[in-house]
Amino acid sequence: GHHQAPQPCGQEQRDQARRSATRLLRRRELMLNQAQAVSHVGGWDIDVASGRISWTEEVFRIHELPLDYDPNNLERALDFYAPGDRERIAAAVAAACEKGEPYDLDLQLCTARKQLRGVHVSGRAERENGKIVRVYGYIADITERKRAEARINELNATLEARVIERTRQLEA
């Protein structure tokens, strides 16, 4: 009988595997984006050698910036923080890049649309052969949590005042 032209060894399987890996990666990226949108947590990283900065979609959303905004200017990125907090975050990022010191800070961010937001930022250093190559972390929008905490404190204070007043009445 007729023979088919021989297929290069395993080429088809390799192509198929590559296609399915690409699909899986895309799906994971989509899931990560959705998880970040729901939890209001974004990820970022700095390549220490090149100074290159990368943000996930949620970081742009927290800052109220378009997705085509270029985050590759640390000074400008830090300008979104409230005056007192700008120095704290700048020092923390510098210490992470230079000494590998981790940080976790609650700060005030002023978005591109001039909205004040409470954010929690964390940073960690990644080393290769003892050398810091990358600093990465997360930024979480905690505005709602802060609002809820303030409301709870307010209610507690009111309740306490009522208890004191009621005790005074009973003692009279």
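Residues numbered from 1 in each chain as written. Predicted model: local features only at pLDDT ≥ 70, side-chain atom pairs only at ≥ 80, totals over all residues. Heavy atoms only, no water.

## Description of the nonpolar core
So the rule is basically this: Among buried residues, those of type Ala, Val, Leu, Ile, Met, Phe, Trp, Tyr and Cys that are joined through side-chain atoms within 4.5 Å constitute a nonpolar core. Only protein chains enter the accessibility calculation, which uses a 1.4 Å probe; a residue whose area is less than 20% of its type maximum is buried, one above 50% is exposed, and one in between is partly exposed. Numbering goes from the N terminus for both helices and strands, where a helix is a DSSP run of H or I of at least four residues and a strand is a run of E of at least two. Contact definition: two residues touch when any of their heavy atoms are within 4.5 Å.
Grouped together as the largest cluster of nonpolar side chains are 26 residues, with contacts concentrated most on Trp 55, Tyr 81, Ile 89, Tyr 103, Val 119, Val 121 and Ile 139. Those elements that place two or more of their residues in this core are strand S1 (41-47), strand S2 (52-55), helix H2 (57-63), helix H3 (74-78), helix H4 (83-99), strand S3 (103-110), strand S4 (116-128) and strand S5 (131-141). Those residues within four positions of Ile 89 in sequence are excluded, and the remaining contacts are Leu 78, Tyr 81, Tyr 103, Leu 105, Leu 107 and Val 121.

## What about the pattern of salt bridges?
What counts, and what does not: What makes a salt bridge here is a side-chain nitrogen of Lys or Arg within 4 Å of a carboxyl oxygen of Asp or Glu, nothing more.
This model, assessed by the stated rule, comprises 13 salt bridges. Of the charged contacts in the structure, one is a salt bridge between Arg 61 and Glu 57, with a shortest N-O distance of 3.5 Å. You can see Arg 61 and its partner Glu 57 sitting in helix H2, four residues apart, about one turn around the helix. For Arg 61, a relative accessible area of 36% gives the class partly exposed. With a closest N to O distance of 3.6 Å, Arg 88 and Asp 85 form a salt bridge. You can see Arg 88 and its partner Asp 85 sitting in helix H4, three residues apart, about one turn around the helix. For Arg 88, a relative accessible area of 41% puts it in the partly exposed group.

## Re the pairing of S1
The condition that has to hold: Paired strands, as defined in this entry, are two strands with at least two bridges between them according to DSSP.
Most of S1 sits inside the fold, with five of its seven residues counted as buried. Examined bridge by bridge, S1 and S5 share seven bridges and lie antiparallel to one another. Bridging across to S5, Asp 45 finds its partner in Tyr 136. Here S1 hands over to S2 after four residues, with Gly 51 in that stretch at a positive phi of 75°.

## Examining the side chain of Thr 111
We apply this condition: By the criterion applied in these results, polar contacts are pairs of N or O atoms within 3.5 Å in which, for protein atoms, one can donate a hydrogen and the other can accept it, and in which residues neighboring in sequence qualify only through two side-chain atoms.
Here Thr 111 shows up in the loop between S3 and S4. The buried category is assigned to Thr 111, whose relative accessible area is 1%. At a separation of 2.5 Å, a polar atom in the side chain of Thr 111 contacts the side chain of Glu 64. In this structure Thr 111 touches Ile 62, His 63, Glu 64, Phe 80 and Arg 117, once residues within four positions along its chain are discounted.

## Points about the packing of aromatic side chains
In plain terms, the rule: A pair of aromatic rings is counted whenever rings of Phe, Tyr or Trp (Trp by its six-membered ring) have centres within 6.5 Å, and the orientation is called stacked for planes under 30 degrees apart, edge-to-face for over 60 and tilted otherwise.
Evaluated as defined, the whole model comprises three aromatic pairs. For the ring pair Trp 55 and Phe 60, a centre distance of 5.0 Å and an interplane angle of 65° mean the geometry is edge-to-face. Each member of the pair, Trp 55 as well as Phe 60, is classed as buried. Ring centres 6.4 Å apart and planes at 75° place the aromatic pair Tyr 69 and Phe 80 in the edge-to-face group. Of this pair, Tyr 69 sits in the loop between H2 and H3 while Phe 80 is found in the loop between H3 and H4, placing the two residues 11 residues apart along the sequence. Put simply, the rings of Trp 55, Phe 60, Tyr 69 and Phe 80 touch in pairs and so form one group of aromatic residues.

Keep in mind these numbers describe shape, not what the thing actually does.
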